[in-house]
Amino acid sequence: MQAGKLDAAVFSLVTDGPVIRRDPQRGETRQYRDPEPGELFRDAQSRFEKAKSQIEGMIALSPSEVIALKKNNRPCAILSHEGADALEGNLSRVPLFYGWGLRVLQLVHYRINELGDIQTEPPKHGGLTPFGRDVVRETNRLGMIIDVAHVHAETLRGVLAESRHPVIDSHTRPAARFQASRARSDGELQAVARKGGVIGMWPLAREARGETFDDFLRDIDYLKALVGVEHVGIGTDLNGTRTSTVIPTHKEFALIPAGLLARGYAASEVAKIVGGNFMRVFREVAENRG
Amino acid sequence: MEETNGFHDPWVESRNRPGSAPRRTFILSLLATIMSACGGPTTTASAKREADLLDEAAALSQRISVDLIAHAGPFAPTFPSPRLPEIARRSARICKQGSSMLRSFRWSRMAP
């Protein structure tokens, strides 16, 4: 992280891991079996316990802690779950996860869970479920950032209607520029921005299609023109994708600000994109909890 | 109007019209830009640009940078990929289907 001039990263634990896998026929990750009762919680708990010992002293629980760690030249981790599957329909686990140190909760991943529909499967619930609405309210109350990555367009509509706070979409691309099941339409991206949120640009570059780092930067140009620089961020999804990425390690993160400056972005704009916008949302959510 | 000896020169004619001075300034600045662009990059200019970028990058390092999602180290996903035996089974199934198709093809050819 330090080599890439990166101060903080939202480190996310995949919680539907035991029941999803890559489908070689469709070339996509999908659920392949139902979880056993309690299985996803136990898995998240055991993996979190193992991770905790390795990142002790790095975890930032508030925006001020991110700043304090930076002042001491120490990279920091903001904890998240990719998919709220480990809730297993139990709302009381949201404050439990907050107690573990989670400050970001991605509602869904590759499994249609108890909260709502996902981008990569035909919808089952018709958007956000009543339990999903309860979780949105609870995360607002606690001061946790909601991550809408992977949610179906209809689920997104429900989350934006229910949430009092801005949300993030940690990793996606504008569908108008990058066709993929995980990309978002202009309307969806604008809706996240209207809520005051931040859209994390996902640095995928599919070699077979000849996509490059320049394409990634051009997509940032597109998103900036569409929603405004205040709503653009970067979400590398480091180690989370089997598709080619132009940021394979955090060392390459420094290429992004350098590339944007070289394209004529003002330093103030670059600062917002590479972290300032996320920090704005983090502050807003943390300060307006309750 | 200026004496033009019958020669119609819109440039000269426009000189004293209201608003002509800003237009001239604009055209001259445009010409200057084109000429400097035709000259290509100079060492001084590119060195200055590089220095400016370095200054901007240094200023940026004072600001907070955040990756919105990562799975590094202990957070690396562990979702299973199809296991080798499963792939082998699938391949065997495809081969079997292929060979039975081949058999039925031969059969139909051999049938009277």
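So, how was this worked out
- Residues numbered from 1 in each chain as written.
- Chains lettered and ligands numbered in written order.
- Predicted model: local features only at pLDDT ≥ 70, side-chain atom pairs only at ≥ 80, totals over all residues.
- Helix = DSSP H or I, 4+ residues; strand = E, 2+ residues; numbered from the N terminus.
- Rg over C-alpha atoms; globule rule 2.2 N^0.38 Å.
- Buried ≥ 20, exposed ≤ 12 C-beta atoms within 10 Å, placed from the backbone.
- Contact = placed C-beta atoms within 7 Å.
- Pairing = 2+ DSSP bridges.
- Axes fitted to C-alpha atoms, helices over the stretch in contact; angles between N-to-C directions.
- Parallel < 35°, antiparallel > 145°, perpendicular 65-115°, else oblique.
- Left-handed = near helix turned anticlockwise from the far one by under 90°.
- Nonpolar A, V, L, I, M, F, W, Y, C, P; charged D, E, K, R; others polar.
- Core = buried A, V, L, I, M, F, W, Y, C linked by C-beta atoms within 7 Å.
- pLDDT = per-residue confidence, 0-100.
- Expected span 1.5 Å × (residues − 1).
- Arc of directions from axis to C-beta.

1. Considering the overall build of chain A
Check the secondary structure of chain A and you find nine helices and nine strands. At 18 Å, chain A has a C-alpha radius of gyration in line with the 19 Å of a compact globule built from 290 residues. Reported as C-alpha extents along the three principal axes, the dimensions of chain A are approximately 50 × 45 × 35 Å. A burial count over chain A gives 50% of its 290 residues as buried. For chain A, restricting intrachain contacts to residue pairs at least 6 apart in sequence, the fraction spanning at least 24 positions comes to 70%.

2. Some details on the overall build of chain B
Looking only at helices and strands, chain B features four helices and one strand. Ordered by position from the N terminus, the helices and strands of chain B form the series α-α-α-β-α. Counting across all 112 residues of chain B, residues that qualify as buried make up 10%.

3. Points about the interface of chain A and chain B
The accessible area lost on association of the parts is a frequent measure of interface size. Residue-level contacts link 47 residues of chain A with 26 residues of chain B. Within the residue set of the side of chain A that touches chain B, elements represented by two or more residues are strand 1 (8-14), strand 2 (20-23), helix 1 (39-55), helix 2 (63-71), strand 7 (168-172), strand 9 (232-234), helix 8 (255-262) and helix 9 (267-287) of chain A. Sort the elements by how many residues they give to the side of chain A that touches chain B and helix 9 of chain A lands first, with eight residues. Alignment of strand 1 of chain A against strand 1 (residues 66-70) of chain B, held across three bridges, turns out to be parallel. Note on strand 1 of chain B: the bridge partner recorded for Phe11(A) is Ala70(B).

4. Some remarks on the pairing of strand 3 (residues 28-31) of chain A
Residue and element names in this part refer to chain A. By the alternation rule, side chains of strand 3 split into Thr29 and Gln31, which are all buried, and Glu28 and Arg30, of which none is buried. Strand direction decides the pairing type here: strand 2 and strand 3, joined by four bridges, are antiparallel. When the bridges of strand 3 are listed, Ile20 appears paired with Gln31. From the end of strand 2 to the start of strand 3, which pair antiparallel, there are four residues, and Gly27 there has a positive phi angle of about 70°.

5. A few points about the packing of helix 8 of chain A against helix 9 of chain A
Residues and elements named next belong to chain A. Across the interface, helix 8 lies against helix 9 with an axial gap of 10 Å and an inter-helix angle of 150°. It follows that helix 8 is roughly antiparallel to helix 9 by the angle criterion. The two elements helix 8 and helix 9 meet at a crossing, and its hand is right-handed. Touching Ile256, Pro257, Leu260 and Leu261 of helix 8 are Ala267, Val270, Ile273 and Val274, all from helix 9. Grouping the constituent residues of the contact of helix 8 with helix 9 by class yields eight nonpolar, no polar and no charged.

6. Considerations on the nonpolar core
All names here are of chain A. Among the nonpolar cores identified, the biggest contains 87 residues, and Ala9, Leu107, Val148 and Val159 are the most heavily contacted of them. Sorting elements by how many residues they give to this core places helix 9 first, with nine residues. Discounting residues that sit within four places of it in the chain, Val159 has contacts with Leu107, Leu128, Val136, Ile146, Val148, Val151 and Val167.

7. Looking at unusual backbone geometry
All names here are of chain A. For His150, which is not glycine, the phi torsion reads 75° and is therefore positive. With respect to the helices and strands, the residue His150 is situated in the loop between strand 6 (145-147) and helix 5 (153-162). When the 24 C-beta atoms within 10 Å are taken as the criterion, His150 is described as buried. Even without being a glycine, Asn239 presents a positive backbone phi close to 65°. Checked against the element boundaries, Asn239 lands in the loop between strand 9 and helix 8. The class for Asn239 is partly exposed, based on 16 C-beta atoms found within 10 Å.

8. A word on the environment of Gly290(A)
Residue and element names in this part refer to chain A. Examined against the element boundaries, Gly290 turns out to sit in the segment after helix 9. With 7 C-beta atoms counted inside 10 Å, the residue Gly290 sits in the exposed group. Placed 186 residues apart in sequence, Gly290 and Val104 show a C-alpha to C-alpha distance of 16 Å.

9. A look at the confidence of the model for chain B
Residues and elements named next belong to chain B. Across chain B, the average pLDDT comes to 62, with 39% of residues at or above 70. Scored below 50 in pLDDT, residues 1-5 makes four contacts in the model with residues more than four places away or belonging to other chains. Overall, residues 81-88 carries pLDDT values under 50, and its contacts beyond four positions in sequence, including any with other chains, amount to six contacts.

10. Focus: helix 4 (residues 130-142) of chain A
Residues and elements named next belong to chain A. With 13 residues, helix 4 should cover 18 Å at 1.5 Å per step; its first-to-last C-alpha distance of 19 Å lies within 8% of that length. Taken residue by residue, helix 4 has Gly132, Val135, Val136 and Thr139 as its buried positions. Down the axis of helix 4, the buried set is contained in an arc of 100°. They therefore lie on one face. Packing partners of the buried residues in helix 4 comprise helix 3 (93-100), strand 5 (102-106), strand 6 and helix 5.

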